Amino acid sequence: METDCSPVERSSRPGFDDRAEVNGFEGADVKDMRLEAEAVVNDVLFAVNAMFVSKALRCADDVAYINVETRERNRYCLELTEAGLKVVGYAFDQVDDHLHTPYHETVYSLLDTLSPAYRDAFGNALLQRLEALKRDGQS
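For clarity, every value in this text was computed on a predicted model and none was experimentally measured.

**Student:** Teacher, can you tell me more about the overall build of the chain here?
**Tutor:** Scanning the chain from N- to C-terminus turns up four helices and six strands. Per-residue burial for the chain yields a buried fraction of 39% across its 139 residues. Summing over all exposed atoms, the chain offers an accessible surface of approximately 8,600 Å²; the carbon and sulfur share of this is 50%.

Here it is as structure tokens:
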């Protein structure tokens, strides 16, 4: 099950700018990856044991690091760049330069591959939201 945010959600989140031209330079839209990383954490914190932007590793306009502990108690250090998210270490604040893992376009896709318990929590939250909408529509 691959889950992604809709274009409406993406455009309303901080840090996303779908405009191809900014300040007269094509592709010059600079994002603060720390802000983007905070948005990623806030989106999925409910479905993991712990998740936070690293304070020990350098964040910049083009890169941020996120530590995550899945519900299975596996720890990862994630790198967030314009290319997406990827695992760069198997402990908090650890970057292994010899580790070559694929990029994922979204945090949902990455966690879906790492954590069956995340997948269950995400599915349950979605089901609860749909049930609430159904109840609201019947009242």
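**Student:** For this particular structure, what's the right way to read the sheet that holds strand 5 (residues 75-81)?
**Tutor:** Remark on secondary structure: sheet strands pair via backbone hydrogen bonds, oriented parallel or antiparallel. Reading across the sheet, the four strands line up as 3-4-5-6 and stay open at both edges, with antiparallel pairing between neighbours. Strands at the two margins of the open sheet, each flanked by one partner only, are strand 3 (50-53) and strand 6 (84-89). Ignoring strand direction, the axes of neighbouring strands in this sheet form an average angle of 25°. Docked against the sheet, helix 2 (residues 33-44) engages strand 3, strand 4 (64-69) and strand 5, running at close to 165° with respect to strand 3. Helix 3 (residues 107-114) contacts strand 3, strand 4, strand 5 and strand 6 of the sheet and is inclined by roughly 40° relative to strand 6.

**Student:** What exactly am I supposed to notice about the environment of Glu82 here?
**Tutor:** For Glu82, the position within the fold is in the loop between strand 5 and strand 6. Judged by relative accessible area, which is 54%, Glu82 ranks as exposed. Separated by 19 residues in the primary sequence, Glu82 and Val63 have C-alpha atoms spaced 7.9 Å apart.

**Student:** What's the story with the pattern of salt bridges in this structure? I'm lost.
**Tutor:** As a working rule, side chains carrying opposite charge can pair if their charged atoms are close by. The full count for this structure, using the stated rule, is three salt bridges. In this structure, the salt-bridge partner of Arg73 is Glu69, at a minimum N-O distance of 3.9 Å. Residue classification places Arg73 among the exposed positions, given a relative accessible area of 63%. What makes Glu69 buried here is its relative accessible area of 10%. Residue Arg75 pairs with Glu69 through a salt bridge whose shortest N-O separation is 2.9 Å. Members of the salt-bridge network, linked through shared partners, are Glu69, Arg73 and Arg75.

**Student:** Hey, could you run me through the pairing of strand 4 in this one?
**Tutor:** On a regular strand, each side chain points to the face opposite its neighbour's, so the side chains alternate between the two faces of the sheet. Among the six residues that make up strand 4, six are buried, leaving the element largely enclosed by the rest of the structure. Side chains Ala64, Ile66 and Val68 of strand 4 all project onto a buried face; the interleaved residues Tyr65, Asn67 and Glu69 project onto the opposite face, where all are buried too. With six bridges connecting them, strand 4 and strand 5 associate as antiparallel partners. Within the sheet, the bridge partner assigned to Ile66 lies in strand 5 and is Leu78. Count of turn residues in the strand 4/strand 5 antiparallel hairpin: five residues, of which Arg73 carries a positive phi of about 70°.

The rules we used
- Residues numbered from 1 in each chain as written.
- Predicted model: local features only at pLDDT ≥ 70, side-chain atom pairs only at ≥ 80, totals over all residues.
- Heavy atoms only, no water.
- Helix = DSSP H or I, 4+ residues; strand = E, 2+ residues; numbered from the N terminus.
- Buried < 20%, exposed > 50% of the residue type's maximum accessible area, 1.4 Å probe, protein only.
- Areas by Shrake-Rupley, 256 points an atom, 1.4 Å probe, with all protein chains shown as cover.
- Pairing = 2+ DSSP bridges.
- Axes fitted to C-alpha atoms, helices over the stretch in contact; angles between N-to-C directions.
- Contact = heavy atoms within 4.5 Å.
- Salt bridge = Lys/Arg side-chain N within 4 Å of Asp/Glu carboxyl O.

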